[in-house]
Amino acid sequence: MQSFDLPALEDDATLKSISDFAATLCDTPIALVSFVEATRQWFAARTGLTVRETPREQSFCAYAMLGEDIMVVPDARRDSRFEDNPLVTGEPHIRFYAGAPLVSEDGIQLGALCVIDSEPRADLTAAQRQGLKVLASNIMLFLTSRRSLRRSDRELDEREAKFRVLADAMPQMVWSTRPDGFHDYYNARWYQYTGVEPGSTDGEGWNGMFHPEDQERAWSVWRHSLKSGDPYEIEYRLRDAHGEYRWTLGRALPIRDNSGAITRWFGTCTDIHDHKMIQVQREVIAQELSHRIKNIFSVITGLISFSTRHHPEARDIANDLRDRVMALGRAHDFVRPHSEASRPEAGQNSLLGMLRELLSVYVERVHIEGEDVTIDGRSATPLALVFHELATNAAKYGALSVPDGAVHLRSESDRQSVRLEWREVGGPTISQPAKTGFGTQLIELSAIRQLSGQIARDWDSNGLRLDLTIPSTSLHRAPVSAPKP
């Protein structure tokens, strides 16, 4: 092991680029190039981890380097070798592990290239396994070339041939460029997928394979990566062998030498067309369903108006009911899925945006300010009912019933709750009603029962003061993480 001069490789740029690529390829938060010694393992390259070394008895890679193939641990908590390991019971809470052994041609076991996740998973995909082997092979070739002061042309040819064989076996399209971005290598899958002649997309020819609407954007992103050294990632439409344009995910990472200079770019193209189409279909369906719900609100308000023609004695009640339904309709229209043309300027999960939309009829007489918070479709309906009732009462009896009256609505929040303050000023003198009306009952039903909130009223002679406190969990549901494959 001493012949490899491994200590000089700490924080090596080339190994770091490989660990970055391994994390991207295998979709894991952590990737390491680990060298195992008698009493410790240390990490020459780290992606997603700050720790530089651990005791050997805690090492997964000490097991991985003993085998010939990739060692996979689906869930370390269920593996007797690792269930009590401090790296499993504590930070970084290892669950899934996959390590490709780093073993020299003369049998020296150095360590492993590994990827780690804090969530269990069954295995790597076939492409990820093959890719991890390719990267581990490149690490060993890199180490071997450092050990040798002179490399023969035969060794270089074997390295390139091995890479080409492994790359051609991958189901993804793989490509490589010079440091200046000149494309000089594509694997067999690229030519199979696109149907073009070998060599015809070298240099700048690749951009002609993209949809005309995507070409300038692709050039811009690629030029940025070449200039900055940032990873390249973009979605575009790629023409296949049948002449059809299919959505594709393009990614690339730079390989750097010891001085940090980029020596090559390695990239992949992945067909994501089917997934993209499913997303589009879901958006269309969601918009159509939401549009139909909006139409239901219109039908209900129409039926109410029609009914008052035959029952004029119920006109006041019907008008109140219609106004409430229209308030619900405005709240729904704000939070529902929209197209690019119909989407509101404020974010569709914005509390202040929804309140401004709901109370826009009062123009500048309702002043809304404070901290914005996130809401969802579940909380928008009761919130709309509460503040519609407050505004309606203010317009009939309170500050909005006189020309100089106004309402100040303010939002404050912390991690646990949101506090909404309703302050009426400049209105007529008021006093607490002798009995509870329907509007008050509706506010309490919406705020207390549906939103689990608390209401405090102050019937100040200068105007109503109402404080509404709502748990943050009642305003928006926590996002559900997608299960890892």
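Residues numbered from 1 in each chain as written. Predicted model: local features only at pLDDT ≥ 70, side-chain atom pairs only at ≥ 80, totals over all residues. Heavy atoms only, no water.

Notes on the environment of Arg356
No. 1: By the element assignment, Arg356 lies in helix H10 (residues 351–358).
No. 2: Under the relative-accessibility criterion, Arg356 is labelled partly exposed at 42%.
No. 3: Separated by 11 residues in sequence, Arg356 and His367 have C-alpha atoms that sit 9.0 Å apart.
No. 4: Here Ile368 takes part through its backbone oxygen, which lies 3.4 Å from a polar atom of the side chain of Arg356. (Helix = DSSP H or I, 4+ residues; strand = E, 2+ residues; numbered from the N terminus. Buried < 20%, exposed > 50% of the residue type's maximum accessible area, 1.4 Å probe, protein only. Polar contact = N/O pair within 3.5 Å; in protein donor to acceptor, adjacent residues only side chain to side chain.)

Quick look at the packing of helix H1 (residues 13–26) against helix H4 (residues 126–147)
No. 1: With their axes 10 Å apart at the nearest point, H1 and H4 run at an angle of 175° to one another. In terms of axis orientation, H1 runs roughly antiparallel to H4. Residue-level inspection shows Thr14, Leu15, Ile18, Phe21, Ala22, Leu25 and Cys26 of H1 in contact with H4, the latter providing Gln128, Gly131, Leu132, Leu135, Ile139 and Phe142.
No. 2: Looking at the contact of H1 with H4 residue by residue, the class counts come to 10 nonpolar, three polar and no charged. (Axes fitted to C-alpha atoms, helices over the stretch in contact; angles between N-to-C directions. Parallel < 35°, antiparallel > 145°, perpendicular 65-115°, else oblique. Contact = heavy atoms within 4.5 Å. Nonpolar A, V, L, I, M, F, W, Y, C, P; charged D, E, K, R; others polar.)

Comments concerning the sheet that holds strand S14 (residues 417–425)
No. 1: Pairing within the open sheet is mixed, and its five strands lie in the order S12-S13-S14-S16-S15. Of all the strands in the sheet, the pair left with one neighbour each is strand S12 (366–370) and strand S15 (454–460). Here the strands of the sheet are splayed against their neighbours by 10° on average, with no regard to which way each runs.
No. 2: Bridge analysis of S14 against strand S16 (residues 463–471) gives seven bridges, and the strand direction is antiparallel. Looking at the pairing, Val418 lines up with Ile470 of S16.
No. 3: Relative to S12, H10 is tilted by about 175°, and along the sheet it contacts S12, strand S13 (406–413) and S14. (Pairing = 2+ DSSP bridges.)

Describing the confidence of the model for the chain
No. 1: Mean pLDDT over the chain works out to 82, with 79% of the residues at or above the 70 mark.
No. 2: Confidence drops under pLDDT 50 across residues 335–343; counting only partners more than four residues distant or on other chains, this segment forms 19 contacts.
No. 3: Long-range and interchain partners of residues 479–485, a stretch whose pLDDT sits below 50, account for three contacts in this model, where long-range means more than four residues apart. (pLDDT = per-residue confidence, 0-100.)

Some words on the nonpolar core
No. 1: Of all hydrophobic cores here, the largest spans 35 residues; its most connected members are Phe35, Leu102, Leu113, Leu132 and Leu143.
No. 2: Among the elements of the structure, H1, strand S1 (30–36), strand S2 (40–47), strand S5 (96–103), strand S6 (109–117), H4 and strand S10 (245–256) are those that each provide at least two residues to this core.
No. 3: Each residue touching Leu132, except ones within four places of it in the same chain, is listed here: Ala22, Leu25, Cys26, Ile70, Ala98, Ala100, Leu113, Val115 and Leu124.
No. 4: One finds Trp422, Ile430, Ala447 and Leu451 within the second-largest nonpolar core, a separate group that totals 32 residues. (Core = buried A, V, L, I, M, F, W, Y, C linked by side-chain atoms within 4.5 Å.)

Some points on the environment of Pro471
No. 1: Inspection of the secondary structure assignment puts Pro471 in strand S16.
No. 2: Taking relative accessible area as the criterion, Pro471 reaches 24% and is therefore assigned partly exposed.
No. 3: Spatially, the C-alpha atom of Pro471 lies 7.6 Å from that of Leu451, the residues being 20 residues apart in sequence.
No. 4: Once you skip the residues sitting within four places of it in the chain, Pro471 turns out to touch Gln416, Ser417, Leu451, Ser452 and Gly453.

Quick look at the packing of aromatic side chains
No. 1: For the structure shown, the criterion picks out 14 aromatic pairs.
No. 2: Residues Tyr63 and Phe82 carry aromatic rings whose centres are separated by 5.2 Å and whose planes lie at 80° to one another, so their mutual orientation is edge-to-face. Note that Tyr63 is positioned in helix H2 (residues 61–64) and Phe82 in the loop between strand S4 (71–73) and helix H3 (86–89), a separation of 19 residues in sequence.
No. 3: When its relative accessible area of 39% is taken as the criterion, Tyr63 is described as partly exposed. (Phe/Tyr/Trp six-rings, centres within 6.5 Å; stacked < 30°, edge-to-face > 60°.)

Focus: the pairing of S13
Working note: regular strand, side chains alternate between the two faces of the sheet.
No. 1: Both S12 and S13 contribute to a ladder of five bridges, which runs parallel. Following the sheet pairing, Ile368 is matched in S13 by Leu409.
No. 2: Sheet topology places S13 next to S14; eight bridges connect them, and they run antiparallel. Residue Arg410 lies in a different strand from S14, and its bridge partner there is Glu421.
No. 3: Joining the antiparallel neighbours S13 and S14 is a turn of three residues.

Comments concerning H1
No. 1: Helix length check: H1, at 14 residues, gives a terminal C-alpha distance of 20 Å against a target of 20 Å (1.5 Å per residue), a fit within 8%.
No. 2: The buried fraction of H1 amounts to 11 of the 14 residues, a majority that puts the element mostly inside the structure.
No. 3: Within the sequence span of H1, burial applies to Ala13, Thr14, Leu15, Ser17, Ile18, Ser19, Phe21, Ala22, Ala23, Leu25 and Cys26.
No. 4: As for H1, its buried residues are in contact with S1, S2, S6, H4, S10 and strand S11 (262–271).
No. 5: Looking one or two residues beyond H1, the residue adopting positive phi is Asp27, at roughly 55°. (Expected span 1.5 Å × (residues − 1).)

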